[in-house]
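Secondary and tertiary structure notes
Okay, here's what each chain looks like letter by letter:
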Amino acid sequence: MTKPLKITYLFSTFPVATETFLQREVRAMIKLPVELELFSLWGGDKSYKGLKVFRFAKWKLILLILLFPYWMGRKPKAFRDIFSELWQRSMPSLGNAGEIFIGLSFAILYAGRFSRQRPSLFHATWATMPATAAMLLSKLTGIPFSMGAHAFDIYANGGDWLLPEKLSESTFVHTTTEAAERHLIEKGADKNDIVVIRRGLDYYPELKTEHTIRHPLRILSVGRLVEKKDQLRQIEIYADLFKNGISFKARIVGSGPMEATLRARIKELDLLAYVELMGYIDNEAVFEQYRWADIFLYTTRIASDGNRDGTPNVILEAMAAGLPVVAAVHPGISEVITSEENGLIIEHSESEAWSEAISGLINNRELYNKIRMNGRLWVEENADAHKNTTRLYQKFKNAVNT
């Protein structure tokens, strides 16, 4: 009988509410013939779905006094290569430098453990802190590693400090959009080493029954209140709807540093009776909001630090729930939504186009129901977490057997 693969997953923080796609991946992966170890380098819970989550205890950093010279003596080339790469490129940000430090420290402190226990593969879920740890662990133990590379970790401030070396040394790179694949190739990745496997849902909500849109129209948006989600643009759209005499109620679900700015803008535009900031709610409650809504609105932009969206989980969730999506033009979204087929795509800057699109859905029941049914169908065919995780599992097998 073939032994199951032993995969060590490395996370920044796990589980975390804003990374539900990783939780779905783990839930699907544990149903396959694989033995998982979960390590969280920064924070999170102590367990997930019956699996222990090993959390990096920062007090252990004091042991670097002993273990750094030990591993430097045993594997000097590993450290020379990494420090040479850091020296040749500018530091993207202090935050990224901190992630590099934690990743390297984790690898030094845990290399002995992994040398003894010998997982089949390290898989870093992000190209930042986890991939730093995975790359050095691979150099110190000879165990291969793979990595995920998605949005923040490849775009913000020009991408991770060690990204080119990680792309070169990983057995494969998992990303979730074709736009990210193109960007990684520009960063030096070999196209043959990149696999595009989309995010997915591990269960489908009950499909909303066909109905005429309610009055007032119910509009929902879900996302962290951060610059790249551009909820300020949403509020301007709601102001246009109000001026155009469209009766509506809007709910924005999420929390984040933009909250005070958004509240002030809602008040300034006299929209307090029409737009509600709901704050953070859990995933089950979010699906209740999908059932409440008539339309899902999603705005996005490139943030000042270069950070941007891939394909947001919430768009897939809304489509799965049979909720028509009206979203801004964006590469990761346009790969999923074909306008007037399974959603509507609007140019970010065209104020009137947003109001016209929403008015068009209100007045065209045939288009409304066509979009929502095709949206559900697209998710079923392309974003099944079990099917997509099986593809990732096959990549793990190939990487170990190469």
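We now turn to the structure provided with this report. Everything numeric in this text was worked out from a predicted model, so none of it was measured.

**Brief notes about the packing of helix H9 (residues 231-243) against helix H10 (residues 259-268)**
Packing of H9 against H10 leaves a shortest axis separation of 10 Å and a crossing angle of 15°. Overall, the two elements H9 and H10 adopt an arrangement that is roughly parallel. Where H9 crosses over H10, the handedness of that crossing is right-handed. The segment H9 lies against H10, with Gln 231, Leu 232, Ile 235 and Glu 236 engaging Thr 261, Leu 262, Arg 265 and Ile 266. For the contact of H9 with H10, the class distribution of residues is 4 nonpolar, 2 polar and 2 charged.

**A look at the packing of aromatic side chains**
Summed over all chains, the structure comprises 26 aromatic pairs. Relative to Tyr 110, the ring of Phe 106 lies with its centre 4.4 Å away and its plane at 20°, an arrangement referred to as stacked. Taken together, the positions of Phe 106 and Tyr 110, both in helix H4 (residues 94-117) and 4 residues apart, correspond to about one turn of that helix. The buried category is assigned to Phe 106, whose relative accessible area is 0%. On the basis of relative accessibility, which here comes to 10%, the residue Tyr 110 falls in the buried class. An aromatic cluster of three or more residues is present, and its members are Phe 39, Phe 54, Phe 56, Phe 106, Tyr 110, Phe 114 and Phe 122.

**Section: the sheet that holds strand E13 (residues 325-328)**
Overall, parallel pairing links the 6 strands, which are arranged E11-E10-E9-E12-E13-E14 in an open sheet. Looking at the sheet topology across the chains shown, the edges are occupied by strand E11 (275-279) and strand E14 (344-346). Within this sheet the neighbouring strands show an average axis-to-axis angle of 25°, counted without direction. Direction of pairing for strand E9 (residues 217-222) relative to strand E10 (residues 248-253): parallel, over a ladder of 6 bridges. Bridged to Leu 217 within E10 is Phe 248. Most of the contacts of H9 go to E10, to which it runs at about 175°, and overall it touches E9, E10, E11 and strand E12 (295-298).

About the thresholds
- Residues numbered from 1 in each chain as written.
- Predicted model: local features only at pLDDT ≥ 70, side-chain atom pairs only at ≥ 80, totals over all residues.
- Heavy atoms only, no water.
- Axes fitted to C-alpha atoms, helices over the stretch in contact; angles between N-to-C directions.
- Helix = DSSP H or I, 4+ residues; strand = E, 2+ residues; numbered from the N terminus.
- Parallel < 35°, antiparallel > 145°, perpendicular 65-115°, else oblique.
- Left-handed = near helix turned anticlockwise from the far one by under 90°.
- Contact = heavy atoms within 4.5 Å.
- Nonpolar A, V, L, I, M, F, W, Y, C, P; charged D, E, K, R; others polar.
- Phe/Tyr/Trp six-rings, centres within 6.5 Å; stacked < 30°, edge-to-face > 60°.
- Buried < 20%, exposed > 50% of the residue type's maximum accessible area, 1.4 Å probe, protein only.
- Pairing = 2+ DSSP bridges.

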